[in-house]
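# Fold and contact review
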Amino acid sequence: MTEPKHDTNVSRLLYFLIFSCGRCLEEGGAIHSEEHINSSHAVIFHYLDDESVVSELLRLKSCQNRSTRSPSLRILARVSCQVGEIYTMNSEKRGICLIVNNFHFEEPSLEQRCGTMVDADCLEKVFEWLGFEVRIRQDCNRKQILSLIQELSSNDHSQMDCLVCCVLSHGKEDCVCGVDGRTVKITELMKPFNGQGCNSLVGKPKLFFIQACQGSERQKPVFLVTDSHTDEAAGVKISIPCDADFLLAVSSIPSYVSYRNPTHGARFIQSLCQNLIKMVPRNCHVVDILTKVNGDVSQMGGWWGSKQMPRYDSCLRKNVVFPVPKESPPKLR
């Protein structure tokens, strides 16, 4: 089969960027640290807006010997994972991040959520670092939650890139609780922001993070047996579904509890914040970050049934990659 044509200049550029970076790492005393790989990857990542660069990158990857572990090919593998459409993230303000943090409950059967203030503080620091305008609302009942959501959906988001909504509360399956004990369906949180409810967010990512029990059952551990084997064209009208561009991440699967430490906060929220800090500078997609969160949280807990499995559901059409902030990451508790 004849090899497809490729742009020689683009090829030379990529070879220089990728393989000279890798050679420098090799000649610098076999420094193969993730920090150095990440730095080289971040430089090359900025070229991915060019279609010819993407095409050549895929061609280069297909020509490589996958068995090698050289820094050059680790850089190539890292960058090639970013190939694909990415939501635009170039506004002066990234977007609004609403945090509903329910601690004190009027309903006697619902205990105070000790540790939630730690979670809210971490979320505020991380999303401000990512360029969001953070709005925190404490101890909201059902009516107040729905009012906040309606108000936010009526805002003009045309000068922003996306929306984030975090709800920290007690919950039931597919619901969160207001401090009055009345429930709000997760779909009630999301629907006002769809294409029919919020025109200024059409085509932009809307990310929802829910920290709440989804039932009363407790997940039990199972034990693995492992071995050593690893194996928009101009002038063309384009329509999308009104429920596109949503991502929902929930701290537990349906019917099961979520865990929260009174001192250190919730497993899910703490893992989310830590992994955003670690992985955003590597230009990782939000879905990749959530997969890491799922893995980390699933490993937490003891041997006596205190396991937890978060989940996420995605209707995203592109990859969500937050620009790397110029400021140093915040220090979390």
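This is a predicted model, so every value here is computed, not measured.

## Topic: the confidence of the model for the protein
Here the protein averages 79 in pLDDT, and 68% of its residues register 70 or above. Of the regions scoring below 50 in pLDDT, residues 25-32 engages in 13 contacts with residues more than four places distant in sequence or in other chains. Considering only residues more than four positions removed or in separate chains, one finds that residues 226-235, a stretch of pLDDT under 50, has 3 contacts.

## Considerations on the sheet that holds strand S11 (residues 311-314)
Here we have 6 strands laid out as an open sheet, ordered S2-S1-S3-S7-S8-S11, and mixed in their pairing. Strands at the two margins of the open sheet, each flanked by one partner only, are strand S2 (132-138) and S11. Between one strand and the next, the sheet's axes are offset by a mean angle of 10 degrees, whatever the strand orientation. With 8 bridges connecting them, strand S1 (residues 93-101) and strand S3 (residues 160-168) associate as parallel partners. Along S3, the bridge assignment pairs Asn101 with Leu168. Sheet contacts for helix H6 (residues 142-153): S1, S2 and S3; angle to S1, the most-contacted strand, approximately 170 degrees.

## Here's the deal with the nonpolar core
Counting 41 residues, the largest nonpolar core has Leu123, Phe127, Leu207, Phe209 and Phe322 as its most contacted members. When contributions to this core are tallied by element, the ones reaching two or more residues are S1, helix H5 (116-129), S2, S3, strand S7 (206-211), strand S8 (246-250), helix H8 (267-279) and helix H9 (286-299). When neighbours within four sequence positions are excluded, Leu123 is seen to be in contact with Ile99, Cys166, Leu168, Ile269, Leu272 and Cys273. Core analysis: the next-biggest nonpolar cluster, separate from the first, contains 26 residues, Val184, Leu201, Phe208 and Phe246 among them.

## Details of the packing of aromatic side chains
Enumeration over the complete set of coordinates arrives at 5 aromatic pairs. Ring geometry for Phe127 versus Phe209: centroids 6.2 Å apart, planes at 40 degrees, classification tilted. Of the two residues, Phe127 is situated in helix H5 and Phe209 in strand S7; the sequence distance between them amounts to 82 residues. An aromatic cluster of at least three residues, connected via ring pairs, comprises Phe127, Phe132, Phe209 and Phe322. Across the ring face of Phe246, the terminal group of Lys206 is positioned such that the distance to the ring centre comes to 5.2 Å.

## A closer look at H6
Helix length check: H6, at 12 residues, gives a terminal C-alpha distance of 17 Å against a target of 16 Å (1.5 Å per residue), a fit within 8%. Among all positions of H6, only Arg142, Ile145, Leu148, Ile149, Leu152 and Ser153 are buried. Here the buried residues of H6 occupy an arc of 130 degrees about the axis, which is enough to place them on one side. With a side-chain oxygen positioned 3.2 Å from the backbone nitrogen of Lys143, the residue opening H6 is Asn141.

## What about the side chain of Thr116?
Take Thr116: it is sitting in helix H5. The class of Thr116 is buried, set by a relative accessible area of 0%. A distance of 2.7 Å separates a polar atom in the side chain of Thr116 from a polar atom in the side chain of Arg113. Filtering out sequence-adjacent residues up to four positions away, Thr116 remains in contact with Asn101, Asn102, Phe103, Leu168 and Arg260.

## As for the pattern of salt bridges
The full count for this structure, using the stated rule, is 9 salt bridges. Taking the shortest distance from any N to any O, the salt bridge between Asp174 and Arg311 comes out at 3.7 Å. Look at Asp174 and you get partly exposed, because its relative accessible area is 37%. Exposure remark for Arg311: the relative accessible area of 14% places this residue in the buried category.

## Points about the packing of H5 against H8
In the contact formed by H5 and H8, the axes pass within 10 Å of each other and the chain directions differ by 20 degrees. With respect to H8, the element H5 is oriented roughly parallel. When the axes of H5 and H8 are compared, the crossing they make is left-handed. Taken together, the residues of H8 that come into contact with H5 (itself represented by Val118, Asp119, Cys122, Leu123, Val126, Phe127 and Trp129) are Ile269, Gln270, Leu272, Cys273, Leu276 and Ile277.

## What about the sheet that holds strand S5 (residues 175-177)?
Taking strand neighbours across the sheet as the criterion, the 3 strands line up as S4-S5-S6 in an open arrangement whose pairing is antiparallel. Of all the strands in the sheet, the pair left with one neighbour each is strand S4 (171-172) and strand S6 (183-185). Pairing between S5 and S6: 3 bridges, direction antiparallel. Bridged to Val176 within S6 is Val184.

Conventions adopted
Residues numbered from 1 in each chain as written. Predicted model: local features only at pLDDT ≥ 70, side-chain atom pairs only at ≥ 80, totals over all residues. Heavy atoms only, no water. pLDDT = per-residue confidence, 0-100. Contact = heavy atoms within 4.5 Å. Pairing = 2+ DSSP bridges. Helix = DSSP H or I, 4+ residues; strand = E, 2+ residues; numbered from the N terminus. Axes fitted to C-alpha atoms, helices over the stretch in contact; angles between N-to-C directions. Core = buried A, V, L, I, M, F, W, Y, C linked by side-chain atoms within 4.5 Å. Buried < 20%, exposed > 50% of the residue type's maximum accessible area, 1.4 Å probe, protein only. Phe/Tyr/Trp six-rings, centres within 6.5 Å; stacked < 30°, edge-to-face > 60°. Lys NZ or Arg CZ within 6 Å of the ring centre and 35° of its normal. Expected span 1.5 Å × (residues − 1). Arc of directions from axis to C-beta. Polar contact = N/O pair within 3.5 Å; in protein donor to acceptor, adjacent residues only side chain to side chain. Salt bridge = Lys/Arg side-chain N within 4 Å of Asp/Glu carboxyl O. Parallel < 35°, antiparallel > 145°, perpendicular 65-115°, else oblique. Left-handed = near helix turned anticlockwise from the far one by under 90°.

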